[in-house]
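# Coordinate inspection notes
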Amino acid sequence: MPTPCQKCGEWFDLHDGYGSKKWFPKTTICETCHETEKDEIDKDEEISQLQETIDDAKVTILEAKLRLKELGIEDESFSSKFQNKVKELQMKKDQS
């Protein structure tokens, strides 16, 4: 049965269509729009995973800073030591 795609308006046979998961739930869309929607869903999932990774890293950094403070290393002194190490490595790289 010929059916218009809800997204692009192109006609396709209903049995060749795919159920929309994001744009038009419970509606059949054409194969081309299905692939585009699938790519968008995959991208959204990747973004979500990356945001979760960043959030986890922030927690890890906070916990490490708290532990450093417990060990008697103040955040500022640690930062300056870290910055000095970075500068030292950059200078070695520049000399190479």
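Everything below is about the structure shown above.
So, a few notes on the structure that sits alongside this text.

Cut-offs and rules
Residues numbered from 1 in each chain as written. Predicted model: local features only at pLDDT ≥ 70, side-chain atom pairs only at ≥ 80, totals over all residues. Heavy atoms only, no water. Helix = DSSP H or I, 4+ residues; strand = E, 2+ residues; numbered from the N terminus. Buried < 20%, exposed > 50% of the residue type's maximum accessible area, 1.4 Å probe, protein only. Contact = heavy atoms within 4.5 Å. Areas by Shrake-Rupley, 256 points an atom, 1.4 Å probe, with all protein chains shown as cover. Phe/Tyr/Trp six-rings, centres within 6.5 Å; stacked < 30°, edge-to-face > 60°. Lys NZ or Arg CZ within 6 Å of the ring centre and 35° of its normal. Salt bridge = Lys/Arg side-chain N within 4 Å of Asp/Glu carboxyl O.

A count of helices and strands for the protein chain gives two helices and four strands. Ordered by position from the N terminus, the helices and strands of the protein chain form the series β-β-β-β-α-α. Taken over 96 residues, the protein chain has a buried fraction of 11%. Intrachain contacts of the protein chain at a sequence separation of at least 6 include 8% that bridge at least 24 residues. About 8100 Å² of surface is accessible on the protein chain, with carbon and sulfur atoms providing 55% of the total.

Moving on: the packing of aromatic side chains. Inspection of the entire model under this criterion finds zero aromatic pairs. A cation over an aromatic ring shows up here: Lys-7 above the ring of Trp-23, its NZ or CZ 4.4 Å from the ring centre.

The next point concerns unusual backbone geometry. We note that Lys-26 has phi near 65°; this positive angle belongs to a residue other than glycine. Among the secondary structure elements, Lys-26 is positioned in the loop between strand S3 (18–19) and strand S4 (28–29).

The next subject is the environment of Leu-14. Within the secondary structure, Leu-14 is located in the loop between strand S2 (11–13) and S3. Along the backbone, Leu-14 and Ile-29 are 15 residues apart, and their C-alpha atoms lie at a distance of 8.5 Å.

Attention shifts here to the pattern of salt bridges. Scanning the model with the defined rule gives four salt bridges in all. Residue Lys-38 pairs with Asp-42 through a salt bridge whose shortest N-O separation is 3.6 Å. Of this pair, Lys-38 and Asp-42 both sit in helix H1 (residues 31–70), four residues apart, roughly one helical turn. Among the charged side chains, a network of salt bridges with common partners joins Lys-22, Glu-40 and Asp-44.

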